[in-house]
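Next come the chains, spelled out residue by residue.
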Amino acid sequence: MPTMFSQYAWIVPILPLAAFLLITALGRSADRTASLSGVVSSALALFLSIWILLEQLVSNNEYSISFTWLKAGSYSLSLGIEITPLTSLIAAVFCLIYFCVQLFSFYYMENDDRSAVFQGYLSLLAFAMLGFVLAVNLLTLFICWQLLGVAVLLLTGFWYDKEGVRQAAKRIFLWGGIGDAALLLALMLLYWYMPERALDFASIQNVFEGQSTSIALGIISVIAGLLAVAAAAKSGLFPFHSWLRYSVKAPLPALILIHTVTLVPAAFFLLIRNFTIIQAAPSIMVILSWAGVVGAVIGALTAWLQSSVANLVVYSAAGQLGLMVMAVGVHSLNGAVYVFVVNALAHTIVLMAGGALVQRSAGGSNSSYDSGYAKNRLASASGNARRLAVIIGILSLSGLPPFPGFWSTRYILGAALDKQLPLFLAGLAAVCLTVLYSARLFFMLQQQWRTTEGKSQRAIAAPALCLALVLIIFGLAEALWGGHGGLLGWLNPERAASIPRLAVWLPQLIATAAGLGMAFISYKKAASFTEQSVKERSPALRVLSEVFYIEFIWERIFQTIAAAGQSIHRLDRFLLERDVFRLIKKAAGLGRRR
Amino acid sequence: MLTGLPILTIIICAPIVGILAILLMPKERVSWMRYGALAASLLPLILSFILFISYQPERGGQAFREVYDWLELPLDSGALQLQYHLGLDGLSLCLLVLTALLSVMAVLASFVHIKKRFKAFYSLLLWLETGLLGLLLARDIGLFYLFMEMSLPAMFLLIGIWGGERREQAAGSFLVHHGLGSVLLLSAFVLLWTGGTAEGNLPESGHVLYNGSYESVQSRITGPDTWASPLLGESGEDMVPPSGMSEGMKQLIFTLFIVGFLIRLPVVPLHGWLLRLYQQAPPAVIMLVVGGILQAAGYGLLRFGLFMFPDQAAAGSVIFGILGLLSLLYGGLAAMVQEDFKSVIAYASIGQIGLVLLGIASMNELGLTGALVTMISLGLTSSLLILIVGSITERTGTARLDDLGGLARTMPYTSGILIAAGLAAIGIPGLSGFNGTLLTLLGLFDSMKGVAVALVLGLLPGFVYIPRAVLGVTFGTARESDGSWNDARFIEAVPMIVLLAFVILLGVYPSLLMDQAAASFSHLLSSLNTRIGG
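Here is what the cut-offs are and how they apply
- Residues numbered from 1 in each chain as written.
- Chains lettered and ligands numbered in written order.
- Predicted model: local features only at pLDDT ≥ 70, side-chain atom pairs only at ≥ 80, totals over all residues.
- Helix = DSSP H or I, 4+ residues; strand = E, 2+ residues; numbered from the N terminus.
- Buried ≥ 20, exposed ≤ 12 C-beta atoms within 10 Å, placed from the backbone.
- Contact = placed C-beta atoms within 7 Å.
- Expected span 1.5 Å × (residues − 1).
- Nonpolar A, V, L, I, M, F, W, Y, C, P; charged D, E, K, R; others polar.
- Axes fitted to C-alpha atoms, helices over the stretch in contact; angles between N-to-C directions.
- Parallel < 35°, antiparallel > 145°, perpendicular 65-115°, else oblique.
- Left-handed = near helix turned anticlockwise from the far one by under 90°.
- UniProt positions renumbered as here; feature names shortened; annotations may be inferred.
- Core = buried A, V, L, I, M, F, W, Y, C linked by C-beta atoms within 7 Å.
- Domains from an automatic or database assignment.
- Pairing = 2+ DSSP bridges.
- pLDDT = per-residue confidence, 0-100.

### Remarks on the overall build of chain B
For step 1, the next point in the chain: A tally of helices and strands in chain B yields 21 helices and three strands.
For step 2, the next point in the chain: A burial count over chain B gives 63% of its 534 residues as buried.
For step 3, the next point in the chain: For chain B, long-range pairs separated by at least 24 residues make up 79% of all intrachain contacts whose partners lie at least 6 apart in sequence.

Okay, structure coming up:
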């Protein structure tokens, strides 16, 4: 089959961009129309991206299109998009979640007088992310990566007059900026060291996969290291996690998008897209795998200690990102993609269905969410459906056997065992802790439901249930037919995962069971975790809940830099007070006296 | 179209005609003066747009050349000739459009922000515009200097009369710095004019015509036959040029130029006047400074520093690199801790000037184009920012960051533009700042790897000071007394929208600008390469 739909792939990112422009142009005057355009564009994008994905599934015909964006003499830079199995899959998953979130926010923000603005920002975020995913070269990727930061800044700052929002937006933007700078450096190095100044991924793959790269190993390591730093800083991987807890200030739909499919998993996608470069630098691979597993363990531990659903999910997403990065580090690309897909779906369900509870614990919402559809007989049915969806989401997340979380982790653990035994053991610890905090998440939601019974709504039940269904199908399909390289084997057939051995899945099951056991034992204890109690309970827990106080180290560094600025400022004041002008006055005074 | 007309002269004279008209208007007819000034500044803008569209880089600016002999000063061994010589190339054309655009925007901005002595203000503003437009079009060093000096008294009065509380100091500081720069530049021009010839170096035929046009100056520097002029691709008039200058003389003139223009740009140890200006001058004047005077200095640096002395510039590129890096880091770090929004913009501008210098330091096509794009972006974004801050200050009576907040509620429209402008200033893709930064960086890495890495680090403070200032003003809870403000009025909004439109246009479609400018640089570089290679 020729690339029938793929050649229209450029429309996919254009759709949300058009929605953004339309909404911005209409302004606040046409609130509902504007919001609707966001939903419609997301639906169209989803439709098209699914067709493209199906086409890729069938034919595996890669397709790319690009144009020269700017020319300076003999140098030129181009932008464009590329459709490969990987990009089409990620784009389709993104579009699915994006569509659900658009629907969700259409109702969620109904009574906010700036709902149109919010939909516009969401569309900008979608444009940036789709451009980022489909980018044909590193420049396109970089541009969209920066726009992603801007969109997140706008979304986080949406409720700008709430307390702490300003601080949160500044933090996220600064960390994003550090990531941007690292990626810019990597881009610059690649531009000058690649033959013929090519930045497109196809050429990069050719150059780095060939046995005799013309680029020195040192340079490759620097580039790969910069990519890793860029990914970690922008997406909040340990030890760059300090902005994560600020991100809960964003409105709920934005929170979902940021943590499930855009900013946080962006790190994973950046790494996997440039995998050929990173692979060529073995030391960076080792560092990545360890950074990933440490991030996963710490993310899971911190998530377990959180006292609000939103914070818990935020750290959970960070922990899962750690798993993805670890997967990249141990060459298990399919495992990484798998974790991404499962997480995107599961976290979205939890956050959407956890709904009002989540946002309330994050500092209150001014939307109609709590009171909207309350006294309706249908509410109880939809409430049950929603609860079912949440349970499936949490089960998938925790990695209990028939659900997809189990299969995704199995690939990663298998690859880790092939590399290093300690890595494998650390991975098992992450699995165990994941079950632990998933259970806590479940208990927390359960408890909060009980207190706010009856206040539910239909709007989210349907999309949540659909996502849950996708998860179940995914898990079952893997269980039934996953033997030969796994469901995602078609992504890169030559690197398909080997059939997992007993040595992998048995310890994994044991770790899962241990996690469950611990969850039940500590249920009473964990239920009483509040911010206050964690701090008072024991110094060890306190250190953990503050993530080893690393944030304070960063804080100190920033303060030092600000102090440098301060001293420059003082120097300038000094010079300004007694500059040339004053000297001349003095000279004139001297002359007069004679 | 328009081929028969002396279009360049019309561009320069339109503001002068405007001044005459304004001076004849009755004193109480303020709106007449306003619209008169607007019309007088609109005409150059329209004409420069037409020029920009019809200009073909490969043909050069031949069609628009205007040359008339103006005056001749007899000397012992010849005569000093001053020509009225106007011309155009890609470099000056881009800056011409920018200056003409910002002049119109400045006139519009002054509708709101100027509240006294209208006749004098608009006359001076147009006078300043004449000087700024003229120096870009001049093709004779004497004429260039005349136009450049026109801006000096006008600026002094504009700051000194319409400025803030400490306006005299700001005006004085401006005059001292620029006066010093002028002295250096004048000596450099005189040396160039007379060819820097030593006694024994004169041709035997006796009578020498010292002509100030760029081509003849060029051939006097390098000797008659060495290489064709990169400027207009024309050989000089029929005169007997003295043979090339001595190396020492070249170095001297080059140094004078560099120092003179770096004071005006301004680079870090000499930036005091810019800070004061931002603090005290009215927004319209600041717009003409960032969109005209700084551009003029950058243009002079390129035209006289690089184009005329490519060898010396190549040798001195390390100095540009160091100074540029210093300005970038200094401006960025200092902007992080300012308490006043205007100071933040001032330091941010200094940082961007550093970026321009770094682009020049790279001495290759990418970097030089980057420098030009950054310069234009600096003019657009800084004037947009200062315009918005001017509007905010007019309502709240303060520009202190601690006293402001929550404007997104009361002035949502202005806040939106402010955020966009702030993002443009730190080089977010899709807005004008990004392209210049990217090109500069790529160009610089080719010639100075370490400096390029430092440049990326130097961009980081932007991610602190812009959110700190912009979000600090727009986000947060509004003060109680703020409920009564209105958002921007129509006449305030027009310049903001136009400037933002250009910021976005340049960000999305940079080729528009770069295709016109590229030819100027490629001439320079090919000559430089052959000279170094040969």
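### Structural notes on the overall build of chain A
For step 1, the next point in the chain: Secondary structure summary: chain A contains 24 helices and two strands in total.
For step 2, the next point in the chain: For chain A, the proportion of its 594 residues judged to be buried stands at 56%.

### As for helix H12 (residues 282–305) of chain A
For step 1, the next point in the chain: Its 24 residues place the ends of H12 of chain A 35 Å apart at the C-alpha level, agreeing with the 34 Å of an ideal helix rising 1.5 Å per residue.
For step 2, the next point in the chain: Among the 24 residues in H12 of chain A, 18 count as buried, and that is most of the element.

### Brief notes about the interface of chain B and chain A
Accessible area lost on assembly of the parts is the figure often given for the size of an interface.
For step 1, the next point in the chain: Listed as interface residues are 50 residues of chain B and, on the opposing side, 40 residues of chain A.
For step 2, the next point in the chain: In terms of residue class, the side of chain B that touches chain A is made up of 31 nonpolar, 15 polar and four charged.

### Focus on the packing of helix H3 (residues 90–113) of chain B against helix H10 (residues 283–307) of chain B
All names here are of chain B.
For step 1, the next point in the chain: Relative to each other, H3 and H10 sit at 165°, their axes nearing to 7 Å. Compared by their axis directions, H3 and H10 come out roughly antiparallel. In this structure, the crossing between H3 and H10 has a hand that is left-handed. Mapping the contact onto sequence places Leu91, Ser92, Leu95, Leu98, Thr99, Leu102, Ser103, Met105, Ala106, Ala109, Ser110 and His113 in H3 and Pro283, Ala284, Met287, Leu288, Gly291, Gly292, Gln295, Tyr299 and Leu302 in H10.
For step 2, the next point in the chain: Grouping the constituent residues of the contact of H3 with H10 by class yields 13 nonpolar, eight polar and no charged.

### A word on unusual backbone geometry
For step 1, the next point in the chain: With omega at -15°, the peptide bond leading from Leu265 of chain B into Pro266 of chain B counts as cis.
For step 2, the next point in the chain: One can find Pro266 of chain B in the loop between helix H8 (247–264) and helix H9 (272–280).
For step 3, the next point in the chain: Here His331 of chain A, not a glycine, exhibits a phi torsion of approximately 70°, which is positive.
For step 4, the next point in the chain: You can see His331 of chain A is positioned in the loop between helix H13 (309–329) and helix H14 (333–361).
For step 5, the next point in the chain: A residue is classified by how many C-beta atoms lie within 10 Å of it, and His331 of chain A, with 19 of them, is partly exposed.
For step 6, the next point in the chain: Within the chain, Met363 of chain B stands out as a residue other than glycine whose phi angle is a positive 55°.
For step 7, the next point in the chain: Tracing the chain through its elements places Met363 of chain B in the loop between helix H13 (341–362) and helix H14 (365–396).
For step 8, the next point in the chain: The buried category is assigned to Met363 of chain B, around which 24 C-beta atoms lie within 10 Å.

### Considering the UniProt feature "domain: NADH-Ubiquinone oxidoreductase (complex I) chain 5 N-terminal" (unreviewed entry) in chain A
For step 1, the next point in the chain: The feature "domain: NADH-Ubiquinone oxidoreductase (complex I) chain 5 N-terminal" (unreviewed entry), as given by UniProt, occupies residues 69–118 of chain A in the numbering adopted here.
For step 2, the next point in the chain: Regarding residues 69–118 of chain A, the helix share stands at 56% and the strand share at 26%, and the terminal C-alpha atoms are separated by 30 Å.

### Points about the nonpolar core
Residues and elements named next belong to chain A.
For step 1, the next point in the chain: Ranked by internal contacts, the top residues of the largest apolar core, which has 421 residues, are Leu125, Leu148 and Leu227.
For step 2, the next point in the chain: Here the element with the most residues in this core is helix H6 (residues 165–193); it accounts for 18 residues.
For step 3, the next point in the chain: Both domains that furnish three or more residues to this core are identified here as domain 1 (1–280) and domain 2 (281–363 + 380–545).
For step 4, the next point in the chain: Setting aside residues up to four positions removed in sequence, Leu148 forms contacts with Leu125, Ala128, Met129, Phe132, Thr262, Leu263 and Ala266.

### Side note on the packing of helix H2 (residues 30–54) of chain B against H3 of chain B
Residue and element names in this part refer to chain B.
For step 1, the next point in the chain: The contact between H2 and H3 brings their axes to 9 Å, and the two run at 160°. Considering their axes alone, H2 and H3 lie roughly antiparallel with respect to each other. Every pair of crossing elements has a handedness; the one defined by H2 and H3 is left-handed. Facing Arg34, Ala37, Leu38, Ser41, Leu42, Pro44, Leu45, Ser48, Phe49, Leu51 and Phe52 of H2, the residues of H3 in contact are Leu93, Leu96, Val97, Ala100, Leu101, Ser103, Val104, Val107, Leu108 and Phe111.

### Some remarks on the environment of Trp273 of chain B
Residues and elements named next belong to chain B.
For step 1, the next point in the chain: Position of Trp273 among the secondary structure elements: in helix H9.
For step 2, the next point in the chain: The class for Trp273 is buried, based on 27 C-beta atoms found within 10 Å.
For step 3, the next point in the chain: Placed 97 residues apart in sequence, Trp273 and Val176 show a C-alpha to C-alpha distance of 8.7 Å.
For step 4, the next point in the chain: Discounting residues that sit within four places of it in the chain, Trp273 has contacts with Ser173, Phe174, His177 and Pro266.

### Thoughts on the environment of Ala43 of chain A
Residue and element names in this part refer to chain A.
For step 1, the next point in the chain: By the secondary structure assignment, Ala43 is in helix H2 (residues 31–59).
For step 2, the next point in the chain: For Ala43, a count of 16 C-beta atoms within 10 Å translates into the label partly exposed.
For step 3, the next point in the chain: Sequence separation between Ala43 and Phe99 is 56 residues; the distance between their C-alpha atoms is 5.9 Å.

### Brief notes about the pairing of strand S2 (residues 75–83) of chain A
Where a strand is regular, its side chains alternate between the two sheet faces.
Residues and elements named next belong to chain A.
For step 1, the next point in the chain: Taken together, the nine bridges between strand S1 (residues 63–72) and S2 define a ladder with antiparallel strand orientation. Each bridged residue has a counterpart across the sheet, and for Ser64 the counterpart in S2 is Glu82.
For step 2, the next point in the chain: Hairpin connection, S1 to S2: the antiparallel pair is bridged by two residues, and Gly73 has positive phi, about 60°.

### So, the confidence of the model for chain B
Residue and element names in this part refer to chain B.
For step 1, the next point in the chain: On average, residues of chain B score 83 in pLDDT, and 88% of them are at 70 or above.
For step 2, the next point in the chain: For chain B, per-element mean pLDDT is lowest for helix H21 (residues 511–533), which scores 69, and highest for H13, which scores 91.
For step 3, the next point in the chain: Predicted confidence is poor over residues 225–242, with pLDDT under 50, and the contacts of this stretch with residues over four places away or in other chains come to 49 contacts.
For step 4, the next point in the chain: Overall fold confidence (pTM) sits at 0.89, and the ipTM for the predicted complex is 0.88.

### Points about helix H16 (residues 412–425) of chain B
All names here are of chain B.
For step 1, the next point in the chain: The end-to-end C-alpha distance of H16, which contains 14 residues, comes to 20 Å, matching closely the 20 Å that a straight helix rising 1.5 Å per residue would cover.
For step 2, the next point in the chain: Most of H16 sits out of view: eleven of its 14 residues are buried.
For step 3, the next point in the chain: In the segment just after H16, Gly427 is the residue with positive phi, at about 80°.

### Here's the deal with the confidence of the model for chain A
For step 1, the next point in the chain: When the pLDDT values of chain A are averaged, the result is 79; 82% of them are 70 or greater.
For step 2, the next point in the chain: The model gives residues 360–377 of chain A a pLDDT under 50, and that stretch makes 28 contacts with residues more than four places away or in other chains.

### Considerations on the environment of Phe52 of chain B
Residues and elements named next belong to chain B.
For step 1, the next point in the chain: Along the chain, Phe52 turns up in helix H2.
For step 2, the next point in the chain: As a C-alpha pair, Phe52 and Cys94 span 42 residues in sequence and 7.6 Å in three-dimensional space.
For step 3, the next point in the chain: Among all residues touching Phe52, those that are not within four sequence positions of it are Leu93, Val97 and Gln516.

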